[in-house]
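Topology and contacts: notes
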Amino acid sequence: MPPISESRKRILVTGGAGFLGSHLIDRLLAQGHEVICVDNLFSSTKRNIDHLHANPRFEFMRHDVCFPLYVEVDEIYNLACPASPIHYQHDPIQTLKTSVHGAINMLGLAKRLKCKILQASTSEVYGDPTIHPQVEEYWGNVNPIGPRACYDEGKRAAETLFFDYHRQQGVPIKVMRIFNTYGPRMHRQDGRVVSNFIVQALLGEPITIYGDGSQTRSFCYVDDLLDGMMRLMASPAEVIGPINIGNTREFAILDLARLVIEITGSRSQIVSKPLPGDDPRQRQPDITKARETLGWEPKVPLREGLQKTIPYFRDILADEVLASKEQPAL
Ligand code: NAD
Ligand code: UDP
Ligand code: UDP
């Protein structure tokens, strides 16, 4: 099927109602494309895409990517998969099915349509890394039977499928390894560290540090991440990845907690909770490849990104208070 026009494409975004997917769709629509958003709403709500329904170039399909999908599109972004440990460990078998069966179905679709497909892979393919920072050539240190395995191994198997469909069937692929990303529209209760700390700080509740807070992560603001994702999709055919996209500035979790308290002006205390199993100690991307092949690097420092994210959670919490007041007394 030829594209609708050279500049206007019909694009499929799986997981499009999620945090990253909904921002991606905003950008694709703003560029004039048509978007089909496929999502089973497992780890998101329609709230993220409520503002899009009036747009005639937007279409929502409630569908689980574990099942075949027959649509006609020019490009596919495969983002469907719960991303936070709470969500992906809630139903680990479904998580693994989503990564593997979802990848097979979306690759089958891309093969039939001979269209480009981008996979939202993850820094979790490196597991608890033994080299630092992580380069794409590193094969990782993943426990195949631990609590995070359903996600980590699922994403690793999905990468294998992408590369095999590329080698065996000639499918044009783009594999992106996303490092911790944050911003407005993260699920308020998905348990990820940035959303947890902001919500706890705004509610004046204790900030829960798992372990002693010395473990590190490198946090990328959503706008930077999407720049990288869209550059990768637009890159020449020989650029297939895997390619790390993330912020290189590494923070201890304890320092993140202090920063959130400072910016929100919260009186929350910091409390310690047990460290979950297999929690990686350290994480920081080496983004040399992204710099050299995509001309990409992140621009938004953590403080600025948090300042853009906090008002979103203030609004969400204010809406919740309003909704609870509107409940009729029993
Ligand atoms: P999210 O949970 O907000 O979004 C994922 C979306 O996929 C949700 O809307 C969910 O309902 C949907 N989904 C889950 N299973 C599905 C299924 N079987 N069929 C159809 N839809 C399904 O998470 P996110 O942060 O937006 O992550 C998007 C993608 O990026 C995921 O694939 C995730 O693994 C990857 N990623 C994200 C991060 C991050 O820090 N945000 C880091 C690494 C990788
Ligand atoms: N598939 C899909 N949409 C399509 C084409 C294929 O969902 O437009 C699914 C189909 O269910 C199949 C999977 O993708 O099971 C893999 O497709 P492939 O052509 O690789 O495998 P085959 O159909 O030969 O088993
Ligand atoms: N974390 C924490 N308190 C929380 C939530 C998370 O200390 O309330 C820690 C978690 O143990 C991990 C880091 O913050 O070391 C990042 O956790 P997240 O779930 O956001 O991402 P991931 O572990 O998948 O990188």
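You'll find the structure just up there.
None of these values were measured; they are calculated from a predicted model. (Residues numbered from 1 in each chain as written. Chains lettered and ligands numbered in written order. Predicted model: local features only at pLDDT ≥ 70, side-chain atom pairs only at ≥ 80, totals over all residues. Heavy atoms only, no water.)

**Notes on the overall build of the protein**
Worth spelling out the cut-off: Each helix corresponds to a stretch of at least 4 residues labelled H or I by DSSP, and each strand to a stretch of at least 2 residues labelled E; elements are numbered beginning at the N terminus. Values of the radius of gyration come from C-alpha atoms, whereas the globule rule sets the reference at 2.2 Å times the count of residues to the power 0.38. Note on classification: 1.4 Å probe, protein chains only; a residue is buried when its accessible area is under 20% of the maximum for its type, exposed when over 50%, partly exposed between these limits. Any pair of residues with heavy atoms lying within 4.5 Å of one another is described as a contacting pair. Residues scored as positive are Lys and Arg, those scored as negative are Asp and Glu, and His as well as the terminal groups of each chain are ignored. Charge positions come from single atoms, namely NZ of Lys, CZ of Arg, CG of Asp or CD of Glu.
When helices and strands are tallied, the protein shows 9 helices and 13 strands. Computed over C-alpha atoms, the radius of gyration of the protein comes to 20 Å, within 12% of the 20 Å expected from 2.2 N^0.38 for 330 residues, which places it in the range of a compact globule. Counting only C-alpha atoms, the protein reaches 60 × 50 × 35 Å along its principal axes. When each of the 330 residues of the protein is scored for burial, the buried share is 53%. A sequence separation of at least 24 residues applies to 81% of the contacts in the protein between residues at least 6 apart. For the protein, the distance from the average position of its 37 positive side-chain charges to the average position of its 39 negative side-chain charges is 1 Å.

**A closer look at the site of ligand 3**
Rules: A molecule or strand has a residue near it when one of that residue's heavy atoms lies within 4 Å. Residues adjacent in sequence count toward polar contacts only when both atoms are side-chain atoms; beyond that, a polar contact is any pair of N or O atoms within 3.5 Å, and within protein one must be able to donate a hydrogen and the other to accept it. Throughout, the Shrake-Rupley method with a 1.4 Å probe supplies accessible areas, and for residues the shown protein chains are the sole cover considered. Amino acids outside the nonpolar list (Ala, Val, Leu, Ile, Met, Phe, Trp, Tyr, Cys, Pro) and the charged list (Asp, Glu, Lys, Arg) are all regarded as polar, and Gly is one of them.
Surrounding ligand 3, one finds 18 residues, the nearest of these being N196, T208, R217, D279 and R283. Residue Q215 places a side-chain N or O atom 3.0 Å away from an oxygen atom belonging to ligand 3. Between D279 and ligand 3, the recorded distance is 2.6 Å, taken from a side-chain N or O atom to an oxygen atom. Burial of ligand 3 by the surrounding chains reaches 96%, relative to a free accessible area of 520 Å². Contributions of two or more residues to the shell around ligand 3 are made by α5 (193-203) and β8 (207-210). A per-class count over the shell around ligand 3 returns 7 nonpolar, 5 polar and 6 charged.

**Looking at unusual backbone geometry**
Here the amide bond leading from H132 into P133 is cis, since omega sits at -10°, within 30 degrees of zero. Within the element layout of this structure, P133 appears in the loop between β5 (116-122) and α4 (149-169). With an omega of 0°, the peptide bond running from G241 to P242 counts as cis. Look at R185: it is not a glycine, yet its phi comes out positive at around 80°. Structurally, R185 can be placed in the loop between β7 (181-182) and α5.

**Section: helix α1 (residues 19-30)**
As a reminder of what qualifies: In a helix, the anticipated span is given by 1.5 Å times the number of residues less one.
For α1, built from 12 residues, the straight-helix expectation of 16 Å at 1.5 Å per residue is met to within 8% by its first-to-last C-alpha distance of 17 Å. For α1, the buried fraction is high: 9 of the 12 residues fall into the buried class. Every buried residue belonging to α1 is among F19, L20, G21, S22, H23, L24, I25, L28 and L29, and all of these are buried. After α1 finishes, the residue G32 shows a positive phi value of roughly 95°.

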